[in-house]
Structure formats: structure tokens, C-alpha cells
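Structural overview for review
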Amino acid sequence: MVKPQLPAHGGNLIQAARRWGIPRERWLDLSTGINPNGWPVPAIPPEIWQRLPEADDGLDEAVRIWTGVPDAAECIPLPGSQAVIQALPGLRTPGRVGVPHPGYQEHRHAWAEAGHQVRPLSREDMDQRETWLDELDVLVWIQPNNPTGQWVDRDRLLAWYQRLAARGGWLVVDEAFAEGLANVSLAPWAGRPGLVILKSLGKFYGLAGLRAGAALVDPAIGTTLRRVLGPWALSGPARYVMARAIADQGWRARMAERLQAESERLHTLLARFGLRPTGGTLLFQYVRHQQAGQLAEALAQEGILVRRFDRPPALRFGLPGNESDWRRLSDTLAKVIDRLITN
Ligand SMILES: Cc1ncc(COP(=O)(O)O)c(C=O)c1O
């Protein structure tokens, strides 16, 4: 039997240490879009570890305030947006599903695994007239897209939603990288039939290991999703940390400003070495480059891990977390680019 190809991800430091023979602690890991200066997690009281999580602990309400959804929406805390990415395809009979390509591969994988027919949508598709929309039952859009950083404005997303919903279709908007950006989220429209919005604490909050996120959905999808997820999908410690992180408005505002400055700094740094990003978010920059593979390999030999893509050839750089990491990236790029040009 042919083994299905599982999507690849960044952040595999154990694998990198083995492959390049560099001890784990010597790596500068820029292969993910996770904030290296995440929300500072407080001590967790013993009873949070010991007792079963309680669904009416106020977390649903905290998500409601965080996202600003209208009353009609259901807010469902989840063990990462990944949990709903995997659950959603099972909630519909197999149909035709559009997913961005390049894009976070777990969407394509989950819909295909559940027997849906997946139509990859390229940047060129996005730029053309949207005839493809009429051939879809579900459209997944990642806003902004990972890894390309591509944007679609909200009016256009809402027009897509209306066309899909008129035929009983769904628009799934993955907002994993939208946190910290004003006037981007579709949360004010949450609760409309067939609009599914995914939130994550893994990126902006830097809490990828916590496995926490939320789905903002209409009541019908909400009921089914709660049934599929079962009673204790999100652990007590994850609920405790998530509730406090999303309520910390001061940290959120300061971090949004800081990440804006740092993403511009990363853009400028890469451009200085001829690696002009074609897109990016607050947390990463995306660089299309014919020699992406060689560059990733040369950086890895120096202990810097970046995410490499083959179709099209491209690199994704996450943010360095402190001044010495910024210097290391700059010095290493100087060395690697020089070597690549002279060879
Ligand atoms: C676009 C996007 N959506 C969702 C996820 C899943 O994140 P999580 O399950 O940590 O919320 C990722 C993880 O890399 C991602 O890049």
C-alpha cells in the first residue's frame, strides 16, 4: 500500500540536529512563524492540573470578548486550530473544496483524507475572475496566507462567503496569522450560516506547545463540532492559560507594535542580501528564490533552520528573538550569500 504523504512542518529541531550533526541548543530556529517572545505564562494552580476542565469556566465568554463576535456566533475553544482543521471535513458529505496553494498543507490533507475533491488555488487563480468559486462547495482561505503572506480584502472575502452560502456552501477562514492586525478579522460577521473562522494561540501569542485555539461558527456547526470534539478536548491548564492570555489587552497592543517593527526589520535585512520578500506577515517573510534549496542547505550547515518550499522554490524566515540572533542571521547571510554568488 502507498503511504499517504503527510504534510511537512517547520520546527523539527531534533531532526535537524541529527541530520546536520549540530547539537539542538546551537540552532537558531527560524523555520516557524511562532512569536519567539510569546505571552509570559504564569504559574498554574495545582487544582487546575488535578480537576477535570469545566466547560462553564468562562473561557467561551473570554473568547467572545477577545474576538468581538456578535451574539449569533458560537465560540468554541479548541486544542489548537489544527483540531478543527481535522474535524471540519467530516461534517459535510464529500464535495469540492478550494484551498490556497501554496498554503498551510493540513487543510488540503484533511479535506482529501475525508474524501473531498480538493482544488488548489494559486495566486494566479486569485488574480483572475472568480469562475472557480462557482465550482466549489467549500472554500478555505488563510488570512493572511501562510507561507506567501497573500491578502484578500474583507469585502472580497464577504462576497465569496455570500456566493457560497447562497448554495449551502461554507467559507472557512483560517486567521492563525491575523492576530495583531486591525480590521482584518471576519469575527464581526461570525455566526452567519456556513462561515467558519479559526483562531490560534500558537503564532502571535507564541504558545504553540499549549495547543489552544478557537472556532467561531454558526449555532448549527457549533452543535456538531462540540459533539465531535467531546467533553474535555482542551486541557484544564490550556484553558487556564488561554483565558488569561487573550484577556491581556495591554500585552496584545504592545506586541502588535513590536512585531510590526520587527517584521519590517526582517524584510529590510533580507532585501539587503538580495532576498527581497514577495510577501509576509507580522511573524515571517516569504522569499521566492531559484536557489532556495541551496540557500536553506547552506544556512542549515551554519545552524540556522529556515523553512524551504519547492513548488515554487521559496524560503520562509521567522523572526529572530533577540539582538544576538539578529546579528547571527545577518552575519550568516553575508557569509552564505557571498559563497553562493562566488560559486
Ligand atoms: C495557517 C495555519 N493555520 C493553522 C495552524 C495550526 O495551528 P494551531 O493548531 O497551533 O492553532 C498553523 C500551524 O502552523 C498554520 O500555519
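Reading guide: rules and limits
- Residues numbered from 1 in each chain as written.
- Predicted model: local features only at pLDDT ≥ 70, side-chain atom pairs only at ≥ 80, totals over all residues.
- Axes fitted to C-alpha atoms, helices over the stretch in contact; angles between N-to-C directions.
- Helix = DSSP H or I, 4+ residues; strand = E, 2+ residues; numbered from the N terminus.
- Parallel < 35°, antiparallel > 145°, perpendicular 65-115°, else oblique.
- Left-handed = near helix turned anticlockwise from the far one by under 90°.
- Contact = placed C-beta atoms within 7 Å.
- Pairing = 2+ DSSP bridges.
- Core = buried A, V, L, I, M, F, W, Y, C linked by C-beta atoms within 7 Å.
- Buried ≥ 20, exposed ≤ 12 C-beta atoms within 10 Å, placed from the backbone.
- Domains from an automatic or database assignment.
- Near = placed C-beta within 6 Å.
- Nonpolar A, V, L, I, M, F, W, Y, C, P; charged D, E, K, R; others polar.
- Right-handed = clockwise from strand over helix to strand, strands pointing away.
- Expected span 1.5 Å × (residues − 1).
- Arc of directions from axis to C-beta.

**Considerations on the packing of helix α3 (residues 59–67) against helix α9 (residues 236–247)**
Helix packing for two helices is described by the angle between their axes and how far apart those axes are. In the contact formed by α3 and α9, the axes pass within 9 Å of each other and the chain directions differ by 25 degrees. As summarised for this structure, α3 and α9 are arranged roughly parallel, according to the angle between their axes. For the crossing formed where α3 meets α9, the hand is left-handed. Mapping the contact onto sequence places Leu-59, Ala-62, Val-63 and Trp-66 in α3 and Arg-239, Met-242, Ala-243, Ile-246 and Ala-247 in α9.

**Some details on the sheet that holds strand β8 (residues 213–217)**
Sheet architecture is open: seven strands sit in the order β2-β8-β7-β6-β5-β3-β4, paired in mixed fashion. Each edge of the open sheet is held by one strand with a lone partner, namely β2 (74–78) and β4 (117–121). Between one strand axis and the next, the sheet turns through 20 degrees on average, direction left out of account. Bridge count for strand β7 (residues 195–200) against β8 is four bridges, and the pairing is antiparallel. The residue of β8 that forms the bridge with Leu-198 is Ala-215. Each of β5 (138–142), β6 (170–174) and β7 touches helix α7 (residues 154–165); the most contacted strand, β6, lies at about 150 degrees to it.

**Considering the nonpolar core**
Residues Leu-171, Ala-190, Val-196, Ile-197, Ala-215 and Leu-216 are the most contacted members of the largest nonpolar core, which totals 91 residues. Setting aside its immediate chain neighbours within four residues, Val-196 contacts Leu-88, Trp-170, Val-172, Ala-215, Val-217 and Ile-221.

**Some points on the sheet that holds strand β10 (residues 284–288)**
Spatially, the four strands line up as an open sheet ordered β9-β10-β13-β12, and their pairing is antiparallel. In this open sheet, the two strands that pair with only one neighbour each are β9 (279–280) and β12 (307–309). In terms of strand pairing, β9 meets β10 through two bridges, oriented antiparallel. Paired with Gly-280 across the two strands is Gln-285, which belongs to β10. Across the sheet, helix α10 (residues 249–272) lies against β9, β10 and β13 (314–318), angled at about 25 degrees from β10, the strand it touches most.

**Observations concerning the domain arrangement of the protein chain**
Quoted interface sizes are often the accessible area lost when the parts come together. Here the protein chain is described as being made up of domain 1 (13–33 + 250–342) and domain 2 (53–247). For domain 1 and domain 2, the distance between their C-alpha centres works out to 27 Å. With 14 residues of domain 1 in contact, the opposing surface of domain 2 contributes 12 residues. Those elements that place two or more of their residues in the side of domain 1 that touches domain 2 are α10, β9, β12 and β13. The greatest single-element share of the side of domain 1 that touches domain 2, amounting to three residues, is contributed by α10.

**Things to note about the site of the ligand**
Around the ligand, a shell composed of Gly-80, Ser-81, Gln-82, Tyr-104, Ile-142, Asn-146, Asp-174, Ala-176, Ser-200, Gly-202, Ala-208 and Gly-213 is seen. Looking at the shell around the ligand residue by residue, the classes come out as four nonpolar, seven polar and one charged.

**Describing the pairing of β4**
Consecutive residues of a regular strand have side chains that alternate between opposite faces of the sheet. Bridge count between strand β3 (residues 96–100) and β4: five bridges; the pairing is parallel. By the bridge assignment for β4, Pro-100 is matched with Leu-121. In this region the chain leaves β3, passes through helix α5 (residues 105–113) and returns to the parallel neighbour β4; the handedness of that crossover is right-handed.

**Quick word on α7**
The end-to-end C-alpha distance of α7, which contains 12 residues, comes to 16 Å, matching closely the 16 Å that a straight helix rising 1.5 Å per residue would cover. By the burial criterion, the buried members of α7 are Leu-157, Trp-160, Tyr-161 and Leu-164. Buried residues in α7, looked at end-on, bunch into an arc of 100 degrees, giving them a common side. Across α7 from its buried face, at more than 90 degrees, point the exposed residues Asp-155 and Gln-162. The inward-facing, buried residues of α7 abut β5, β6 and β7.

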